[in-house]
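This is what each chain is made of:
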Amino acid sequence: MTQQRTQPAVGSIGRMRLAPQQGEVIDRARTLPFTWNGSSFTAHPGDTIVSALAAAGERVFSRSFKYHRPRGLLTASFHDPGCMMQVGDEPNVRGAHRLVESGMDVSSQNTWPSLRFDVKGINRLAGRFLPAGFYYKTFIKPERLWPTYEKVLQRFVHAGEISPDTPHSYYDKRYAHPDVLVTGGGPAGMTAALAAARAGASVLLVDEEHQLGGHLRWADPAAAAELVARVSGQDGIEVLTNSVVLGRYDENWIAVVQRDLPDIPERLIKARARSLVVAPGLIERPYVFAGNDTPGVMLSTAVRRLINLHAVKPGERAVVLTANPSGDAAIEDLQRAGVRIAHIADACAGADVARVHGRRGVRAVELADGRKIEADLFVTATGWTAPTALLNMAGDVPVYSAKAARFLPGGATAENVFAAGGIAGDGTLDELLAHADAVGAEAARRAATHRHRQLAATPTSEPPSAGSPREEPVEIPELPVHEHPELFRGSTHGMVDFSEDVSSKDLHVAVREGYDSAELAKRYTTATMGPLQGKLETINAIATVAEATGRTVAETGTTTWRPMYAPVTLGALAGRIFEPVRYSPMQPWHESHGATPLVAGQWIRPDDYGDPAAEVRAVRDGVGIIDVTPIGKLDLRGPDIPKLLNLLYVNKWSKLGIGRVRYGVMCADDGVVMDDGVTGRLGEEHYLMSTTSSGAAAVWEWVENWLQTEHPDWQVHVTPVTTAYASINVAGPRSRELVGRLVEGVDLAPDEFGYMQVRTGRIAGVDDCVLWRIGFTGELSYELHVPTAYGLHVWETLMEHGADLGVTPFGVEAQRILRLEKGHLIVGQDTDGLTKGYSAGLDWAIKLDKDDFVGKPELAWQAETGGGSRLVGLQPVDGQVVPPEASQILTAGGGIAGRVTSSRMSPTLGRSICLGQLDAALAEPGTELTVHLPDGNDIRARVTEHLAHVDPEGKRQEITGPVPAARPCATPVARSPIAAGGRSGEAAPAAGTVTIADRSPLTKIGIRAPHDGTMAADLGARFGRTTRDPSGNLVIGSGPGEWLVLGAPDARLLSVLRERAERSGEFATVVDLTHGRALIRLSGQRCAELLAKVCGIDFAGEFTPNGAAFRSSVAKLVTDIVRDDKAGVPSYLLHCERSSGQYLFDALLDAGAEFDIEIDGSPSREEI
Amino acid sequence: MIQLPCPWCGPRNVSEFRYAGEVTPRPQPATATPEQWRRYLYVRRNPRGWTEENWYHSAGCRQFFKLRRDTDSNAVEEPR
């Protein structure tokens, strides 16, 4: 940074600091040291960086964008174009807004070698070489120099420096659901907020400044203080200062950014407001004349802010050009502050300015009549800009009023968007307040109507108590519009856009060159496209274009205001990062045994344990175990399951016997393969369907879609149980030996439990396990599905009791090799979005003689025409070359005939093996083909007779051998999906704090029945509400025709509910979900605030009172939420599918940090 | 972000739903001509204005429902 020496550090009383002012916001009792370009300064708390520097007599705060002209104070507000600064490692800080903190290191931006002597100031002299469109015109040819141009131009970019060492900051996010959101905390905004709150609305009042009060803070500090006191005394108003509304989107979805919170740089609030009141006031407009950007030229509001808020004398000797009461009031303020008024130019009487003299500061003001008056301060009060951004975003097109010399709302906003205050019209303060009062009341009334409708449609709420809200609208008085002269540019040219250095002359040039509409001239010159985004310069730019084209301002129109209204950091937009992850219960074992993690969708799985080839050999020679928990599992119950399976699978299901398993393939209606898996029949009306790991969610939705929309009459209940079971595949010739040691109640003898059969029994002491005999790996194998809490127990028992058999854990990579050796396809790997059934080698499975199944017509046509590619086995002639997946297979003529879909080196065969998609004509076994590798080389490969490279006859399934007797093993240990830590065994934390507790061990029973039948009446909880049954179990109406009953761990609950379901005489089914769900209890007064950070639902009492039950997205995870208060203290039960339990717990802990959340590990974890 | 009136859950952010396409009746597979079938598979009206759509409340009640929506204004007909 610069080493420039300014004057010696001044004391706490800067030389421009005034005696105490009535409305001042500084705390004179304390001082804060800070540095500016390396020199020491002091400020009072409440000072902005710039007010503190101005109090010390500093006048130049930056250099301008293009010409590097010295710039000082213009507006003394957030939108001051000359006050962008570097604070520590943070660039582009708005120095006239940011409050000084002790020890701040502030420097000017983009100046070299110093602010005072800026080399690039030479650009000013070269100004005639930097005309409008300079960059477009100059840096075009030759193209090869573009990178060089870029480097040079980057040095001239007007911005601060970012540091790669900047530490990560914590940005925050939350949702809000105010009845009325008021943007602008001036007199109109506060009055509207008060009126709305008095009418019973919840109000969010947002103001960009550090205090409420708006212009009253300097115009009438006593009145401001009185209004502020009324706001703080009014219930129902949440005030956010130093916060700004960034944009208004569909249905009043409103982005608010809250700045400079303790420990949080910015927080994004996503608000859904029932009504929006736009009351931002007016922004004072600069005047265009030669030298209008010289330090010492200020707006009347800037002068008034400096004097009244910060007690800073803006200069010593002033000339004032005034066209309105703000200018007149500034004169009074200046006189009171001891500034000598050298001249008052009355613009209403035709007075005008020609130019100011002085480079680093105003020295003299030359009036249009030729008089030259010495002064160091030139104050202009020439009109206003209405910041109509939010009205535009709500559909309004503002109209220009020549009488008022500004744009006024067009009156076409959405019905729940209102304007109040100066943006809506003029009038006395009383008239404006009366208008705002009516607007606030009407905004509240429409919000109440809206809220009433929402409550009636929301099943979690109690029926609306009071009668319907008031119907007749509140009459909103018309506001007068006062006359104001149209003052944009004087007799000379000057700056229009201060932040982009675009002058009125540039705009004239642009129009002359043909860019004669406001939108074109804006883009060509970049006027209004800088950091201020038009707030100061839009009207002057339009007026200049109008003047240059000979049209009126109204004819020229305005440019469109788009979000964001104010700059926002990317950190705030990114906010809290939610990326759900899923873990199997064996994950801790995998991690401690050196597994290489594989991210597969949300699942974290072991890819291998160091040597996948060795894992393959261990499976082929002995026995291996793999964690296949992510395999999708759907519990199907009901008499019409065969109909459903026949519809969704291409093969036949009518005759599947109990205890049998069948492989099935699902196609979409376009005949394209979408998923595969096995489905087993466990009982008369009870099946278990498995899906691919990645397809689990889609298949569930697919099944529900067909059941709900095409066949609502079919009696089938589908419950996802993917994570209710931990799944372990035990594979290899010695798998029977290993499984036999641990199984009770199932005879593993080959003729008792054959290939493609299913049994239920006890494994390693764990009841209710499901065993499939299937063979994805091509080996004798048993897939064990065990209640998830016992997954790790069974896994460890298998490892322990298989040690002498050489049992080896294997990962996804070894499994991929094994199945490729066996020629089993993977949907999505060996098929793509165009692969129809016959192209996937499924001819044997597709049964066109079925009446209907999804995809049948397309498959029938494919069978007829023989079109599409074929899935084939391929072996490179040189077995040491593994052609990368997606290598192209070529025709003799060099055309593309297909591609390699899977390829690996086979540890079993010692050569490379592949699957591929190939033109049907070339798919004959024995055909030799060219495979084009990505490195450009070609190799030869041969089509094999079978898809299987190893054991095409399936002999390895027929391995026999003695079944060992079951051995005693360790007592099963149930484990929670959540490693909570915390204060296990201690008493519950003190009341008042927010606590989080893992309640996963509770019994959870899912029930499905007609939503309005006898079972529903028996359970007593409708959708959206809970009830307690006589035994104290919590009955939750968790979905339409869907319930969850929570109780203390007790196996009897399931059978009791099953009996009740049977007694109902309806189609009602009951499924144990104890192992399938993670359950968390959150308690404490501030729970709702915590949840508002992770969930977009309105947690206000009326919408989710005690007993509410609903499902929504929590931290991007589909989560069930149940309000279940304890002794009057708000409390929520949250449950999600089990594998995401740890993620949800961690996300809630993270969101709760602000509320000092504590983990409750007390023994009450088994009580509901 | 617009909200959709879920017939079961009430108004929710559209991000909780999955769009399941224009309502397009499935022809009888036994009698449908290839043209009819492919019209069902691939051809949509995609109007500017009112249309009937299938939606799935994937992060809520998990029910499919039909909704009339004006694609121009995003106005929706409240479910009956």
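Our subject is the structure that appears above.
No experiment lies behind these values; they were computed from the predicted model shown.

A. Just the sheet that holds strand 21 (residues 364–367) of chain A, in detail. Residue and element names in this part refer to chain A. Overall, antiparallel pairing links the 3 strands, which are arranged 20-21-22 in an open sheet. Looking at the sheet topology across the chains shown, the edges are occupied by strand 20 (353–357) and strand 22 (372–374). Recorded for the sheet is a direction-independent mean angle of 20° between the axes of neighbouring strands. Where strand 21 meets strand 22, 3 bridges bridge the pair, whose relative direction is antiparallel. If you follow Glu366 over to strand 22, its bridge partner there is Lys372.

B. Quick peek at the side chain of Thr901 of chain A. One can find Thr901 of chain A in strand 46 (residues 896–906). Setting aside chain neighbours within four positions, we find Thr901 of chain A in contact with Gln829, Asp830, Leu871, Glu885, Leu915, Gly916 and Gln917 of chain A.

C. Just the state of the cysteines, in detail. Summed over all chains, the structure comprises 0 disulfides over all chains. The closest cysteine sulfur to the non-disulfide-bonded Cys969 of chain A is located on Cys769 of chain A, 11 Å from its own sulfur.

D. Geometry of the packing of helix 12 (residues 504–512) of chain A against helix 14 (residues 538–549) of chain A. Residue and element names in this part refer to chain A. Where helix 12 contacts helix 14, the axes come no closer than 9 Å and their chain directions differ by 45°. On the basis of their axis angle, the class for helix 12 and helix 14 is oblique. Here helix 12 and helix 14 pass one another in a crossing that is right-handed. Along its contact with helix 12, which presents Ser504, Leu507, His508 and Val511, the element helix 14 presents Ala541, Thr544, Val545, Glu547, Ala548 and Thr549.

E. The arrangement of the packing of aromatic side chains in detail. For the structure shown, the criterion picks out 21 aromatic pairs over all chains. Consider the rings of Phe1023 of chain A and Trp8 of chain B, whose centres lie 6.4 Å apart with planes at 70°: the pair is edge-to-face. Taken together, the positions of Phe1023 of chain A in the loop between helix 25 (1014–1019) and strand 52 (1026–1028) and Trp8 of chain B in the loop between strand 1 (3–6) and strand 2 (10–13) put the pair across two chains. Of the residues examined, Phe1023 of chain A reaches a relative accessible area of 14% and is grouped as buried.

F. Structural context of the pattern of salt bridges. All names here are of chain A. Under the defined criterion, the tally for this structure stands at 72 salt bridges over all chains. When the shortest N-O distance is used, the salt bridge between Arg576 and Asp1150 registers 2.8 Å. On the criterion of sequence distance, the pair formed by Arg576 in the loop between helix 16 (570–574) and helix 17 (587–592) and Asp1150 in helix 28 (residues 1141–1152) is long-range, its members being 574 residues apart. By relative accessible area, which is 5% here, Arg576 ends up buried. What makes Asp1150 partly exposed here is its relative accessible area of 33%. The residue Arg942 makes a salt bridge to Glu928 at a minimum N-O spacing of 3.3 Å. You can see Arg942 sitting in strand 49 (residues 938–943) and its partner Glu928 sitting in strand 48 (residues 928–932), a full 14 residues away along the chain.

G. Just helix 18 (residues 612–621) of chain A, in detail. Turning to helix 18 of chain A, its buried residues number three or more, namely Pro612, Glu615, Val616, Ala618, Val619 and Arg620 of chain A. Among the structural elements, strand 31 (603–608), strand 32 (624–627), strand 38 (725–731), strand 43 (808–809) and helix 23 (812–822) of chain A are those in contact with the buried residues of helix 18 of chain A.

H. Spatial organisation of the interface of chain A and chain B. Contacts between the two partners involve 35 residues from chain A, matched on the other side by 30 residues from chain B. Interface area, chain A with chain B, both sides summed: about 3,000 Å², of which 52% is carbon and sulfur. Broken down residue by residue, the surface that chain A buries against chain B is led by Glu701, Trp861 and Arg1111 of chain A, which jointly contribute 18%. Applying the counting rule to chain A against chain B returns 4 salt bridges. The salt bridge partner of Arg26 of chain B is Asp669 of chain A, with a shortest N-O separation of 2.7 Å. Across the chain A-chain B interface, the total number found is 16 residue pairs in polar contact (both at pLDDT 80 or more). When contributions to the side of chain A that touches chain B are tallied by element, the ones reaching two or more residues are helix 11 (429–457), helix 20 (696–710), helix 24 (856–865) and strand 57 (1109–1114) of chain A. It is helix 20 of chain A that provides the largest number of residues to the side of chain A that touches chain B, a total of 8 residues.

Criteria and cut-off values
Residues numbered from 1 in each chain as written. Chains lettered and ligands numbered in written order. Predicted model: local features only at pLDDT ≥ 70, side-chain atom pairs only at ≥ 80, totals over all residues. Heavy atoms only, no water. Pairing = 2+ DSSP bridges. Helix = DSSP H or I, 4+ residues; strand = E, 2+ residues; numbered from the N terminus. Axes fitted to C-alpha atoms, helices over the stretch in contact; angles between N-to-C directions. Contact = heavy atoms within 4.5 Å. Disulfide = S-S within 2.5 Å. Parallel < 35°, antiparallel > 145°, perpendicular 65-115°, else oblique. Left-handed = near helix turned anticlockwise from the far one by under 90°. Phe/Tyr/Trp six-rings, centres within 6.5 Å; stacked < 30°, edge-to-face > 60°. Buried < 20%, exposed > 50% of the residue type's maximum accessible area, 1.4 Å probe, protein only. Salt bridge = Lys/Arg side-chain N within 4 Å of Asp/Glu carboxyl O. Buried area = accessible area lost by both parts, 1.4 Å probe. Polar contact = N/O pair within 3.5 Å; in protein donor to acceptor, adjacent residues only side chain to side chain.

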